[in-house]
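Observations on the model geometry
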Amino acid sequence: ASQYIVVGLVIIGVLAAAFISSMIMRRIPFEDHFVLPWAAGRSWLLESINPYDTEVIQIAENAIQESPYQASLPEEEALLFPLLNLIFYLPFSLIPYAISRLIWVTLLSFSILLIAILGLSLANWKLTPIGKVFVVLISLLWVPGIAISLMGQLSPILILLLFISIYLFLEGQDTTAGFILALTAGSLNVSGLIIVLILVYAMMNRRWSVVSAFFSGVAFVIVVSLLLIPSWPRDWL
């Protein structure tokens, strides 16, 4: 019975988060950092248009105009990150913008909650259950958490992957930790320092499986991306 209660509460939480996110996006103007990667992935998957083509900007503008949200394009109207990061958006690019934007914001919200939960676990912070709930909720409900979710930035997912990688590293699951860490290599401005610290610590303690798994994962993703779009490094630059 307790398992059904937990599942039910999770479902209710997801639906409530989606409803609240929809109401906010319909009423509050915001800068949308999701629409350009969504448009880039959609144009590439459905129309074979290069993700870095200027036509992607027009597709993004049309999607915003046809949606019920008060969104606007970011100041830099271009796909600024490497193709390695586009893999996070491809499943959403197959869904119409209004629905995928809602799912994305909900996913970011729960990513922030999981970051708080993992953070408490990694810090081994001794709190009462009520204190833990308060810390987890405040991590989402303060201004930066709300703003990042609303704007649709990728950073919560990247930070969550970093936390998962650190947790697995501490648990001795080196290979899995290295592969998950490799997924964040496309955003070195967010993950670069953590990657360096983990790799240096792993080498000093001769945990070579972390290092090999990380570089193998990065190499695999780069090779696959080059097979799909050989010119993407030049187009990105």
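Residues numbered from 1 in each chain as written. Predicted model: local features only at pLDDT ≥ 70, side-chain atom pairs only at ≥ 80, totals over all residues. Heavy atoms only, no water.

Attention now goes to the overall build of the protein. When its secondary structure is counted, the protein shows 12 helices and two strands. Secondary structure of the protein in N-to-C order comes out as α-β-α-α-β-α-α-α-α-α-α-α-α-α. The C-alpha atoms of the protein give 19 Å as radius of gyration, which agrees with the globular expectation for 237 residues (18 Å, within 12%). Burial status across the protein gives 43% buried among its 237 residues. Carbon together with sulfur atoms contributes 70% to the accessible area of the protein, which is approximately 13200 Å² in total. If you average the places of the 9 positive and of the 13 negative side-chain charges in the protein, the two averages end up 17 Å apart. (Helix = DSSP H or I, 4+ residues; strand = E, 2+ residues; numbered from the N terminus. Rg over C-alpha atoms; globule rule 2.2 N^0.38 Å. Buried < 20%, exposed > 50% of the residue type's maximum accessible area, 1.4 Å probe, protein only. Areas by Shrake-Rupley, 256 points an atom, 1.4 Å probe, with all protein chains shown as cover. Lys, Arg positive; Asp, Glu negative; His and termini not counted. Charge placed at Lys NZ, Arg CZ, Asp CG, Glu CD.)

Glancing now at the pattern of salt bridges. Taken as a whole, this structure holds three salt bridges when the rule is applied. One salt bridge connects R207 with D174, and the closest N-O pair in it is separated by 2.5 Å. Note that R207 is positioned in the loop between α10 (188-204) and α11 (208-228) and D174 in helix α9 (residues 174-182), a separation of 33 residues in sequence. Of the residues examined, R207 reaches a relative accessible area of 22% and is grouped as partly exposed. (Salt bridge = Lys/Arg side-chain N within 4 Å of Asp/Glu carboxyl O.)

Right, let's get into a nonpolar patch on the surface. On the surface, V196, V200, M203, M204 and W208 cluster together into a nonpolar patch covering about 520 Å² of accessible area. Element by element, the count of residues in the nonpolar patch is highest for α10, at four residues. Here V196 is to be found in helix α10. (Patch = residues over 30% accessible without salt bridge, like charges linked within 9 Å, V, L, I, M, F, W, Y side chains within 5 Å.)

All right, on to the packing of aromatic side chains then. Here a ring pair, both rings aromatic, is described through the centre-centre distance and the interplanar angle of the planes. Under the counting rule described, the total for this entry stands at 12 aromatic pairs. Relative to W104, the ring of F92 has its centre 5.0 Å away and its plane inclined at 85°; by these criteria the two rings are edge-to-face. With F92 in helix α4 (residues 90-93) and W104 in helix α5 (residues 97-123), this residue pair connects regions lying 12 residues apart in the sequence. Each member of the pair, F92 as well as W104, carries the same accessibility label: buried. Ring centres of F169 and Y201 lie 5.8 Å apart, and the angle between their planes is 70°; this geometry places the pair in the edge-to-face category. Of the two residues, F169 sits in helix α8 (residues 155-170) while Y201 sits in helix α10, which places them 32 residues apart along the sequence. Looking at F169, the relative accessible area reads 7%, which means it is buried. (Phe/Tyr/Trp six-rings, centres within 6.5 Å; stacked < 30°, edge-to-face > 60°.)

It is worth spelling out the environment of P233 at this point. If you trace the backbone, P233 turns up in helix α12 (residues 232-236). For the pair P233 and L83, spaced 150 residues apart in sequence, the C-alpha separation works out to 8.0 Å.

What follows is about the packing of helix α6 (residues 129-141) against helix α7 (residues 143-151). Across the interface, α6 lies against α7 with an axial gap of 4 Å and an inter-helix angle of 55°. Between α6 and α7, the interaxial angle falls into the category oblique. Along the contact surface, α6 presents S139, L140 and L141, while α7 presents V143, G145, I146 and S149. Along the lines of polarity and charge, the residues of the contact of α6 with α7 split into four nonpolar, three polar and no charged. (Axes fitted to C-alpha atoms, helices over the stretch in contact; angles between N-to-C directions. Parallel < 35°, antiparallel > 145°, perpendicular 65-115°, else oblique. Contact = heavy atoms within 4.5 Å. Nonpolar A, V, L, I, M, F, W, Y, C, P; charged D, E, K, R; others polar.)

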